[in-house]
Amino acid sequence: MHACALALPRIVLVMTAHLSDVTVNVPSKRLHCIACLRPQTTCLCRWVTPTPHRVEVLILQHPMEVAQVKGSARLLHMSLPGSLLLTGEAFGATLDAALRGPRRNLLLYPQVPCDLAAGTQSSVVDTQWLLQPDQLRLVVLDGTWRKSRKMLSLNSQLQHMQRLSLATVPASRYLIRKAHDSHQLSTLEATCAALVRLEGDGVAVQPLLEAFDGFVGQQLARRPSSSAASDGASIVRRPTRREL
Ligand SMILES: [Zn+2]
């Protein structure tokens, strides 16, 4: 368990793209920002960068990521007006509703050999889909590799979804968590890369990525230098270059 998890508030509901609808139970003594739900000392609201985009984004966040002060999913969600953030492990009918058409759903996830063996690998994305970003919904899993695998196994809707893999990725800016590979990306970075892939130069993600740099710097500044880049906690699962 992460060291800070016990002191953080229990989040009752995080299921909306509208901040005014967020309901939070805050039993701890620490003051929390009602917008980003984080302790006021690590509030990320200053880094929120509204970024217009055409592809809808559905972020499925594992519960263990909610209390991660270094997580990028909430900054991503608060910056993308066409995004929805659901927290859970097995989503059931809630996911069915979130995936409802007419948009086509595309899972941002690598093609993994073990999926082939299990017979659950979905087809590679139909290139015709890529011509119509307004008709797409990108589904992103926010969790460690192990947790994302579990989410995949518990939600059959995801197993047969067409997948988008990032063939080339930029070097990760995500220095907070221990990375097993230099090309592992945060949820925010991977989603930005996917949006560029799907929308081309029409989506301006650079300001958000720069804001993310600021967010990372803020977190690093709060930590002892000796542990700044050596957090043994889980990383946000991103495929390695070899997996892409
Ligand atoms: Zn805040």
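What you see is a predicted model; the values in this text were computed from it and never measured.

## Some details on the sheet that holds strand β7 (residues 162-164)
Taken together, 5 strands build an open sheet; the order of strands is β4-β3-β6-β5-β7 and the sheet is parallel. Only two strands of the sheet have a single partner each, and these edge strands are β4 (83-87) and β7. In this sheet, neighbouring strand axes are inclined to one another by 30° on average, regardless of whether the strands run parallel or antiparallel. Where strand β3 (residues 56-61) and β4 come together, 5 bridges link them in parallel fashion.

## A look at unusual backbone geometry
Across the junction of Gly101 and Pro102, the peptide omega takes the value 10°, indicating a cis bond. Tracing the sequence through the fold places Pro102 in the loop between α3 (93-98) and β5 (104-108).

## Brief notes about helix α5 (residues 145-154)
Since one α-helical turn is 3.6 residues long, residues separated by three or four positions face the same way. All buried positions along α5 are accounted for by Lys147, Ser148 and Met151. The arc that holds the buried residues of α5, viewed along the axis, is 100°, so those residues lie on one side.

## Topic: the pairing of strand β6 (residues 136-142)
Counting buried positions over the 7 residues of β6 gives 7, a clear majority of the element. Of the two faces of β6, both are covered, the one formed by Leu136, Leu138, Val140 and Asp142 as well as the one formed by Arg137, Val139 and Leu141. Inspection of the sheet shows β5 paired to β6 by 5 bridges, in the parallel sense. In the strand pairing of β6, Asn105 is matched with Arg137.

## Some words on the pairing of β5
Examined bridge by bridge, β5 and β7 share 3 bridges and lie parallel to one another. Residue pairing in the sheet places Leu106 in a bridge with Gln162 of β7.

## Things to note about the environment of Met151
Considering the arrangement of structural elements, one finds Met151 in helix α5. When the C-alpha positions of Met151 and Glu89 are compared, they lie 5.5 Å apart, and in sequence the two are 62 residues distant. Contact partners of Met151, with chain neighbours within four places excluded, come to Leu60, His62, Glu89, Leu141 and Gly143.

## Quick look at helix α7 (residues 187-199)
Taking 1.5 Å per residue, 13 residues should reach 18 Å; α7 reaches 18 Å between its end C-alpha atoms and fits that length. Burial runs high along α7: 11 of the 13 residues are buried. Taken as a whole, α7 has its buried residues at Thr187, Leu188, Glu189, Ala190, Thr191, Cys192, Ala193, Ala194, Leu195, Arg197 and Leu198. Where α7 is buried, its residues touch β3, α2 (73-79), β5, β6, β7 and α8 (206-221). Positive backbone phi, at 70°, marks Gly200, one or two positions downstream of α7.

Rules used in this analysis
Residues numbered from 1 in each chain as written. Predicted model: local features only at pLDDT ≥ 70, side-chain atom pairs only at ≥ 80, totals over all residues. Pairing = 2+ DSSP bridges. Helix = DSSP H or I, 4+ residues; strand = E, 2+ residues; numbered from the N terminus. Axes fitted to C-alpha atoms, helices over the stretch in contact; angles between N-to-C directions. Buried ≥ 20, exposed ≤ 12 C-beta atoms within 10 Å, placed from the backbone. Arc of directions from axis to C-beta. Contact = placed C-beta atoms within 7 Å. Expected span 1.5 Å × (residues − 1).

Honestly, it's all geometry; don't read function into it.
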